[in-house]
Amino acid sequence: MSEPLFPRLASPDSREAIRIGEHRLTYAELAGAAAAVTHRIHGCGRVAVWAQPTLELCIAVVGALAAGVTVIPINPGLGSRELEHIVTDSAPEKLLAWPGVEPEGRLVSLPRLDVHRAAGGGELADALGAEDVAFLMYTSGTTGLPKGVQIPRRAITSNLDALAEIWQWTDGDRLTHALPVFHVHGLIIGILGPLRRGCELEHAGRFSPTALAGALNRGATMVFGVPTMYGRIAREAETERRLAQAFAGARLLVSGSAALPTTVHDRIKRLTGQEILERYGMTETLMNAGVRLGQPVIPGRVGAPLPGVELRLMAEDGTILDTTDDETVGELAVRGANLFTGYLNRPEATAESMRDGWFLTGDLATRDASGSIRLVGRKSTDLIKSGGYRIGAGEIEGALLEHPAVAEVAVTGAPDEDLGERIVAWVVLESGRAATAGELTEHVAELLTRHKRPREVHFLDALPRNAMGKVIKRELAWEEMSE
Ligand code: MLC
Ligand code: AMP
């Protein structure tokens, strides 16, 4: 391998690498502890890693990647149905966790390996090839259970280096965030990003504006977050001057994973003087576009394609749209080293998502003369973004249909000031059966992650359907708005 995945870990020093709460690791300590993991999982194909923001998680991930072993991050909040599916589909050989972690369900039957901070294991290997799958990350589709997205090493290195270029991200930085560490945003960009740059990271644990402000006051220079977080920061900063001051001192505030409302951008600017830079990404593609540091920020735009990434707009019939009028809407397609290598065990889904080597994102956008992208919506009403989480309506519908009182169901996303979208379920009950909204919500929370619970449940006598019998979700959305 010509160039190490994490150059600073190849010749580690006593610089602080990661701080989480009161716990810290230097680059030398991280390299040693990760090398011990590498040694212990040598020969494995894939391992599941308990994905809570702890130093052990970072050690486990770095150690597995160094061994050339694919990491499957496990969201500790998964519902029973999702966990069963992910473990069956991905067949990990071990679970990497640490003392105190008590997994349930299918994870209990996996051989477990506890990671230790103090374990010193010598020099860190670098066995992952450019096309080898570094991560298998599960993400929702419009129907069915989540799909395993295979992310190769070359996507990670090329993408992190492109982000470094546009944000002038160097080893002099200190990043802070409070993102969940089982998705691309928190884990690849938010943890591997600083490690590749050789800079410092402070993960603030559970999100709160105050926790991030604390990290900024301790010297953090960059903040990553989803729009819901910036909305909450803006709301608190209105009355908390010291909060506003902490954010005013950052070198860079970045938002992604969902559309940043212009109102939130403007509010943060008024309160802190900072202009949030947006970037646009996806589990299958990592980051595609981003606003460059030092260039004018136009709220609502996610910037031009990243270095090494090609984006194009396509009409519904597949024609390529060369327009730069910022008006013509097309579906975004992506090509570049940032792309995944396919969905695990789903060759048809992989083939459907690609056209002539371009990945079809399902996102609808316009482009202006400078090449900057404005996202205007999604092709499918069946993908919901709530708090930055991608949630498939079909998955929640499937869970609700498993409830004995539910005859028919449709799930939609409704605009929500805090979450971007909130999950709404429209339910027709079996005749003679009863169920409350609370019962149905809890039923979903049992089978799926808690953030997939509907926030609202409406009971109807019948769902609006077209002549083919397909539910007309846009009509339900109108019903929601007219209430
Ligand atoms: C949720 N709650 C409910 C409920 N749904 N209670 C009753 N009924 C329901 N239907 C509970 C929650 O369990 C929680 O309880 C409480 O309500 C508050 O929930 P919340 O409003 O969702 O807020 P919170 O938990 O504070 O989370 C907000 C957030 C979170 C912004 C911190 O959504 C978040 O971390 N989002 C990041 C998502 C992300 O990283 N996406 C990246 C995907 S990768 P309790 O008891 O738990 O407090 C990607 C690519 C890219 O998109 O471009 O980056
Ligand atoms: P996920 O697979 O969870 O990674 O979600 C990817 C989706 O998030 C994309 O297809 C977009 O719809 C959405 N997304 C990511 N970043 C942005 C952004 N900056 N603005 C609007 N939508 C975004």
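Below is a short write-up of the structure. Remember, it's a predicted structure, so these values are computed and weren't measured experimentally.

### Some details on the overall build of the protein
Okay, step 1: Within the protein one finds 14 helices and 26 strands.
Okay, step 2: Rg of the C-alpha trace for the protein: 22 Å, near the compact-globule value of 23 Å for 483 residues, within the 12% margin.
Okay, step 3: By principal-axis analysis of the C-alpha atoms, the protein measures approximately 65 × 55 × 50 Å.
Okay, step 4: In the protein, which comprises 483 residues, the proportion classed as buried is 58%.
Okay, step 5: If you take every contact in the protein between residues at least 6 apart in sequence, the share linking residues at least 24 apart comes to 66%.
Okay, step 6: Entry remark: accessible area of the protein is about 19600 Å², with carbon and sulfur atoms responsible for 50%.
Okay, step 7: Mean positive and mean negative side-chain charge positions of the protein (50 and 62 charges, respectively) differ by 3 Å.

### Digging into the sheet that holds strand S12 (residues 252–255)
Okay, step 1: Spatially, S2-S1-S10-S9-S11-S12-S13-S14-S15 is the arrangement adopted by the nine strands of the open sheet, whose pairing is mixed. In this open sheet, the two strands that pair with only one neighbour each are strand S2 (23–26) and strand S15 (304–305).
Okay, step 2: As defined by bridge partners, strand S1 (residues 16–20) adjoins strand S10 (residues 200–203) across three bridges and the pair is classed as parallel. Bridged to arginine 19 within S10 is glutamate 202.

### So, the site of ligand 1
Okay, step 1: Around ligand 1 sit 24 residues, and of these Ser257, Arg279, Gly387, Arg453 and Pro454 come closest.
Okay, step 2: Between glycine 281 and ligand 1, the recorded distance is 3.3 Å, taken from a backbone N or O atom to an oxygen atom.
Okay, step 3: Here glycine 388 contributes a backbone N or O atom positioned 2.9 Å from a nitrogen atom of ligand 1.
Okay, step 4: In the complex, the protein chains occlude 72% of the 1100 Å² of accessible area that ligand 1 would expose alone.
Okay, step 5: Those elements giving two or more residues to the shell around ligand 1 turn out to be helix H8 (227–237) and strand S13 (277–282).
Okay, step 6: Of the residues assigned to the shell around ligand 1, the class counts are 10 nonpolar, eight polar and six charged.
Okay, step 7: When residues of the shell around ligand 1 are assigned to domains, at least three map to each of domain 2 (187–376) and domain 3 (383–482).

### Some details on the pattern of salt bridges
Okay, step 1: Here the structure, examined in full by the defined rule, presents 42 salt bridges.
Okay, step 2: One salt bridge connects arginine 301 with aspartate 368, and the closest N-O pair in it is separated by 3.3 Å. Taken together, the residues span a long stretch of sequence, with arginine 301 in the loop between strand S14 (286–290) and S15 and aspartate 368 in the loop between strand S20 (358–367) and strand S21 (373–378) at a distance of 67 residues.
Okay, step 3: Exposure remark for arginine 301: the relative accessible area of 14% places this residue in the buried category.
Okay, step 4: The closest approach of N and O atoms between aspartate 363 and arginine 378, which form a salt bridge, is 2.8 Å.

### A few points about the pairing of strand S25 (residues 420–429)
Okay, step 1: Burial analysis of S25 places seven of its 10 residues in the buried class, which makes it a mostly covered element.
Okay, step 2: Where strand S24 (residues 406–416) meets S25, 10 bridges bridge the pair, whose relative direction is antiparallel. Bridged to valine 406 within S25 is leucine 429.
Okay, step 3: The pairing of S25 with strand S26 (residues 456–459) spans four bridges and is parallel. Within the sheet, the bridge partner assigned to valine 427 lies in S26 and is phenylalanine 459.
Okay, step 4: Between S25 and its parallel partner S26, the chain crosses via helix H13 (residues 437–447), and the hand of that crossover is right-handed.

### Overview of the site of ligand 2
Okay, step 1: Close to ligand 2 lie 16 residues; Arg279, Thr283, Asp363, Lys385 and Arg390 are nearest.
Okay, step 2: Glutamate 278 is positioned with one of its side-chain polar atoms (N or O) 3.0 Å from a nitrogen atom of ligand 2.
Okay, step 3: Contact with the protein chains covers 91% of the free accessible surface of ligand 2, which is 500 Å².
Okay, step 4: For the shell around ligand 2, the secondary-structure elements that each account for two or more residues are S13 and S21.
Okay, step 5: Looking at the shell around ligand 2 element by element, the count peaks at five residues for S13.
Okay, step 6: Grouping the constituent residues of the shell around ligand 2 by class yields six nonpolar, four polar and six charged.

Rules and cut-offs
- Residues numbered from 1 in each chain as written.
- Chains lettered and ligands numbered in written order.
- Predicted model: local features only at pLDDT ≥ 70, side-chain atom pairs only at ≥ 80, totals over all residues.
- Heavy atoms only, no water.
- Helix = DSSP H or I, 4+ residues; strand = E, 2+ residues; numbered from the N terminus.
- Rg over C-alpha atoms; globule rule 2.2 N^0.38 Å.
- Buried < 20%, exposed > 50% of the residue type's maximum accessible area, 1.4 Å probe, protein only.
- Contact = heavy atoms within 4.5 Å.
- Areas by Shrake-Rupley, 256 points an atom, 1.4 Å probe, with all protein chains shown as cover.
- Lys, Arg positive; Asp, Glu negative; His and termini not counted.
- Charge placed at Lys NZ, Arg CZ, Asp CG, Glu CD.
- Pairing = 2+ DSSP bridges.
- Near = heavy atom within 4 Å.
- Polar contact = N/O pair within 3.5 Å; in protein donor to acceptor, adjacent residues only side chain to side chain.
- Nonpolar A, V, L, I, M, F, W, Y, C, P; charged D, E, K, R; others polar.
- Domains from an automatic or database assignment.
- Salt bridge = Lys/Arg side-chain N within 4 Å of Asp/Glu carboxyl O.
- Right-handed = clockwise from strand over helix to strand, strands pointing away.

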